[in-house]
Amino acid sequence: MSIRTVITQPFPDQKPGTSGLRKKVPVFQQANYLENFVQSIFDSIAAPQGATLVVGGDGRYYNREAIQIILKMAAANGFGEVLVGRGGILSTPAASCVIRKYDTFGGIILSASHNPGGPKEDFGIKFNSSNGGPATETVTDAIFAKTKSIATYRILDAADISLDELGETTLGAMKVKVIDPVTDYADLMASLFDFNAISALLKSGFRIKFDAMHAVNGPYAHEILEHRLGAAAGSVMNGVPLEDFGGGHPDPNLTYAHDLVEIMYGDDAPDFGAASDGDGDRNMVLGKHFFVTPSDSLALLAANATSAPGYKKGLAGIARSMPTSAAADRVAKALNIPCYETPTGWKFFGNLMDAGKVTLCGEESFGTGSDHVREKDGLWAVLFWLNILAVRKQSVEAIVLEHWAKFGRNFYSRYDYEGLPTEAANGVMQLLRDSFTILTGKTFGKYTVQTCDDFSYTDPVDGSVSKNQGVRILFSDGSRIIYRLSGTGTEGATLRVYLEAYEADASQHHLDAQVALKDLIDIALDISELVKRTGRERPTVIT
Ligand code: VG1
Ligand code: CO
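Treat the numbers as computed from the prediction; the structure is a model and nothing was measured. (Residues numbered from 1 in each chain as written. Chains lettered and ligands numbered in written order. Predicted model: local features only at pLDDT ≥ 70, side-chain atom pairs only at ≥ 80, totals over all residues. Heavy atoms only, no water.)

## A look at the state of the cysteines
The condition that has to hold: We call a pair of cysteine sulfur atoms a disulfide whenever their separation is within 2.5 Å. Only protein chains enter the accessibility calculation, which uses a 1.4 Å probe; a residue is then buried when its area is under 20% of its type maximum, exposed when over 50%, and partly exposed in between.
Inspection of the entire model under this criterion finds 0 disulfides. In this model Cys339 remains outside any disulfide bridge; the closest cysteine sulfur is found in Cys361, 11 Å from its own. Among the residues examined, Cys339 registers a relative accessible area of 29% and is labelled partly exposed.

Shown next, in the form of structure tokens:
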């Protein structure tokens, strides 16, 4: 076996987005495409000779091929050992868990998250640092810079190795350890939550349904919910991971998790329903005929955190991404702890958690997590909810209604316009930026614009600054309209419009969010000229 240095040339666009590099599979299959990016990672992270790396992915199409390439390149770049999940599988939160538990140098995670998988669909790759979290912007900027000047990469000439049996093999001088992808993660969950109380709840006739969406969390949910906690057989649906997720969109929201939604809104609905995404880091939570918005879920977990053993000492602080509703801020205020507002993307939470400033964090995009790992964590959120339900012995709906009565309700919705011509999407954003002065102070019915800006964030730990993170139109009553371009799409541009209105009056809390937000939606469309500029009468997805 010998190490080969291959001459290569840069590809035009290998810029990591919100969560790593995401492109269509055929793009990744081009000669040297993946190799260039992997070498750029290795050239940017300065791993010491003999370092240990974790590698795993969500099992989507091209996962196995990509892992073989990464292993051979890791061997050629001086890594001493690689831990890889059996079959190449590791959910994103499980990868984060393993990176931390075994004190490794970091890991490479292969996923395009909630995007469809298959030969013509999406693939993705990102590097996570030794804290288990996505590399900071400083590191991803360095990786991108390398991709623009790369001239060679190193790879070991060797046959593929089997990843289907647990145990150790070698690749040149490097050790490859195939580990069980579930055990370490399941043990971590058992250390955070009261499994006895949840088990008792499940045995008392409380029924649950968990939709793994044919994605990576199937085996995790089977082991934890059915085997360890004793949920009835069949509580986990779509539990067999498939390379193309069964042709679906493994995105846990009311649109794409339709199988589950039908059950939870049906005649014989279980008491609790949940789903997670392609790589297992997102979650959607439902009660009987009841949907919990991710922003409310974060606030509720925070308000009830001490019911779970892992959080009984209370929270150091909370962090939420800027577009996420301010429901969590109200809880933080009541608990007298800080609440941080960060740009979109989990990489911004890592520094805050490492510095001990926050315990819980979340995003409106169905992501919730804590400092137990450095990724958002779908099954963790489900277990947290079950722990709270076991302690409070009320329905999901009753718990949410009580929460709103105490804190008020932040009505919330997100409109996504996918696959727009890039120019039209940029045009909308530019128009808004040019309108800050005329909009400020302007009144639309009951709403008056207080300020407008383009969100900019200074990391309180390392002082780094991230600019242009989304246009905010802030109204005097705390309502907000936010516009942002997605950093995870692989076709054209995706424009997201986030709407939030605060309502203190409990007699209004039963309203449908689309009804409560109607005026704000009209304002959002009007001031952005969205329909005229994009030709889209309505959004692709509403969450
Ligand atoms: C979206 C979400 C963001 C999330 C990111 C990654 O990004 O809005 O909140 O962190 O996806 O989620 P964007 O740039 O498309 O809005 V997944 O579950 O991994 O990686
Ligand atoms: Co995901």
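There is more to say, and it comes next.
## Remarks on empty space enclosed by the protein
Unoccupied space between atoms shows up once a probe the size of one water molecule is rolled over them. Where we set the bar: A cavity here means a set of points on a 1 Å grid, drawn over the protein atoms and nothing else, where a 1.4 Å probe fits but cannot get out; a pocket is an open set with protein on both sides within 12 Å along at least five of seven lines, and a residue lines either one if it has an atom within 4 Å of a point. Grid points are joined across faces, edges and corners, and a volume is the space filled by probe spheres set on the points. Helix and strand labels come from DSSP, where a helix needs a run of H or I of at least four residues and a strand needs a run of E of at least two; each type is numbered from the N terminus.
Taken as a whole and judged by the stated rule, the model has 2 cavities of 30 Å³ or more. One number sums up the size of the largest cavity: a volume of about 90 Å³. Considering the residues around the largest cavity, the lining is formed by 15 residues, among which Pro16, Gly20, Lys126, Phe127 and Thr140 are closest to the centre. Going through the elements one at a time, β6 (122-129) and α5 (137-149) are the ones with two or more residues in the lining of the largest cavity.

## Focus on helix α4 (residues 92-101)
With respect to burial, α4 is a largely interior element, 8 of its 10 residues being buried. Of the residues making up α4, those classed as buried are Thr92, Pro93, Ala94, Ala95, Ser96, Cys97, Val98 and Ile99. Of the residues trailing α4, Asp103 is marked for its positive phi of about 50 degrees.

## A closer look at the coordination of the cobalt ion (ligand 2)
Selection criterion: Any nitrogen, oxygen or sulfur atom within 2.8 Å of a metal ion counts as a donor, with the limit raised to 3.2 Å for Na, K and Ca, and since water is left out, coordination shells can look unfinished.
Bound to the cobalt ion (ligand 2) on the protein side are Ser113 (OG), Asp277 (OD), Asp279 (OD) and Asp281 (OD), at distances that span 2.0 to 2.1 Å. Look at where the donors of the cobalt ion (ligand 2) fall in the sequence and you get S-x163-D-x1-D-x1-D. Placement of the pair is Ser113 in the loop between β5 (106-110) and β6 and Asp281 in the loop between β12 (272-276) and β13 (283-287), with a sequence separation of 168 residues.

## Remarks on the site of ligand 1
In plain terms, the rule: One heavy atom within 4 Å of a molecule or strand is enough for the residue carrying it to be called near that molecule or strand. Polar contacts, as counted here, are pairs of nitrogen or oxygen atoms within 3.5 Å of one another; within protein the pair requires one atom able to donate a hydrogen and one able to accept it, and residues that are adjacent in sequence qualify only if both atoms are side-chain atoms. Any residue that is not Ala, Val, Leu, Ile, Met, Phe, Trp, Tyr, Cys, Pro, Asp, Glu, Lys or Arg is counted as polar, Gly included; the first ten are nonpolar and the last four charged.
Close contacts around ligand 1 come from 19 residues, with Thr18, Ser113, Ser365, Thr488 and Arg496 the closest. In this structure, an oxygen atom belonging to ligand 1 sits 2.8 Å away from a side-chain N or O atom of Arg22. At 2.7 Å from an oxygen atom of ligand 1 is found a side-chain nitrogen or oxygen belonging to Glu363. Taken together, the residues of the shell around ligand 1 sort by class into no nonpolar, 10 polar and 9 charged.

## Topic: the packing of helix α10 (residues 294-303) against helix α11 (residues 327-335)
The test is simple: Between the N-to-C directions of two axes lies an angle of 0 to 180 degrees, each axis being a line fitted to C-alpha atoms and, for a helix, fitted only over the stretch in contact. Working definition: roughly parallel below 35 degrees, roughly antiparallel above 145 degrees, roughly perpendicular at 65 to 115 degrees, and oblique for all remaining angles. Take the far helix as the reference: if the near one is turned anticlockwise from it by less than a right angle, the crossing is left-handed, and if turned clockwise, right-handed. Every residue pair with non-hydrogen atoms within 4.5 Å of one another is taken to be in contact.
Closest axis-to-axis distance for the α10/α11 pair is 7 Å, and the angle between their directions is 15 degrees. One element, α10, and the other, α11, form an angle in the roughly parallel class. Relative to α11, the crossing made by α10 is right-handed. Residues Ser295, Asp296, Leu298, Ala299, Ala302 and Ala303 of α10 lie in contact with α11, whose contacting residues are Ala327, Ala328, Val331 and Leu335. For the contact of α10 with α11, the per-class residue count stands at 8 nonpolar, 1 polar and 1 charged.

## What about the sheet that holds strand β9 (residues 174-179)?
Strand pairing in a sheet relies on backbone hydrogen bonds, with the paired strands running either antiparallel or parallel. Applicable threshold: One requirement defines pairing of two strands: DSSP has to find at least two bridges between them.
The 7 strands lie next to each other as β2-β6-β5-β3-β4-β9-β8, forming an open sheet whose pairing is mixed. Where the open sheet ends on each side, the last strands, each with one partner, are β2 (21-24) and β8 (167-171). Strand-to-strand twist of the sheet, defined as the mean angle between neighbouring strand axes without regard to direction, takes the value 20 degrees. Sheet topology places strand β3 (residues 52-57) next to strand β4 (residues 81-89); 5 bridges connect them, and they run parallel. Counted as the bridge partner of Val55 is Val84 from β4. The strands that helix α2 (residues 33-45) touches are β2, β3, β5 and β6; relative to β6, the one it contacts most, it runs at about 10 degrees. Strands in contact with helix α3 (residues 63-76) are β3, β4, β5, β6, β8 and β9; relative to β4, the strand with the most contacts, it is inclined by about 170 degrees.

## With respect to the nonpolar core
Put simply, the rule is: Here the nonpolar core consists of buried residues drawn from Ala, Val, Leu, Ile, Met, Phe, Trp, Tyr and Cys, with membership extended through side-chain atoms lying within 4.5 Å. Boundaries of every domain are those given by an automatic assignment or by a domain database.
Ranked by size, the top nonpolar core spans 72 residues in total, and within it Phe193, Phe272 and Trp380 carry the most contacts. Among the elements that take part in this core, helix α13 (residues 378-392) stands out by supplying 11 residues, more than any other. Each of domain 1 (2-181) and domain 2 (185-407) gives at least three residues to this core. In this structure, Val38, Phe42, Ala74 and Phe127 belong to the second largest nonpolar core, which totals 43 residues.

## A word on the packing of aromatic side chains
Worth spelling out the cut-off: Only Phe, Tyr and Trp rings are paired, with Trp represented by its six-membered ring, and only when their centres lie within 6.5 Å; those with planes under 30 degrees apart are stacked, over 60 edge-to-face, the remainder tilted. A ring is considered to have a charge above it if a Lys NZ or an Arg CZ atom is located within 6 Å of its centre and within 35 degrees of its normal.
The full count for this structure, using the stated rule, is 17 aromatic pairs. Taken together, the ring pairs connect Phe11, Phe28, Tyr33, Tyr62 and Phe123 into an aromatic cluster. A cation over an aromatic ring shows up here: Arg330 above the ring of Tyr502, its NZ or CZ 3.4 Å from the ring centre.

## Thoughts on the pairing of strand β18 (residues 367-370)
In β18, alternate side chains face the same way, and those of Gly367 and Gly369 on one face and Thr368 and Ser370 on the other are all buried. By the bridge criterion, 4 bridges tie strand β17 (residues 360-363) to β18 in an arrangement that is antiparallel. Each bridged residue has a counterpart across the sheet, and for Gly362 the counterpart in β18 is Thr368. Between β17 and β18, which pair antiparallel in sequence order, lie 3 residues; one of them, Phe366, sits at a positive phi of approximately 70 degrees.

## Describing the layout of surface pockets
When its volume is computed, the largest pocket comes out at roughly 940 Å³. Along the wall of the largest pocket there are 36 residues; nearest its centre are Lys15, Gly17, Leu485, Ser486 and Gly487. Of all the secondary structure elements, the ones that give two or more residues to the lining of the largest pocket are β2, α5, α15 (422-434), β25 (480-485) and β26 (493-503). Of the residues belonging to the lining of the largest pocket, the class tally is 7 nonpolar, 18 polar and 11 charged. Looking at the second largest pocket, it is lined by 50 residues, and the ones nearest its centre are His114, Asn115, Thr488, Gly489 and Arg496. Here the lining of the second largest pocket takes 4 residues from strand β19 (residues 409-420), the largest share from any one element. Residue composition of the lining of the second largest pocket, grouped by class: 10 nonpolar, 20 polar and 20 charged.

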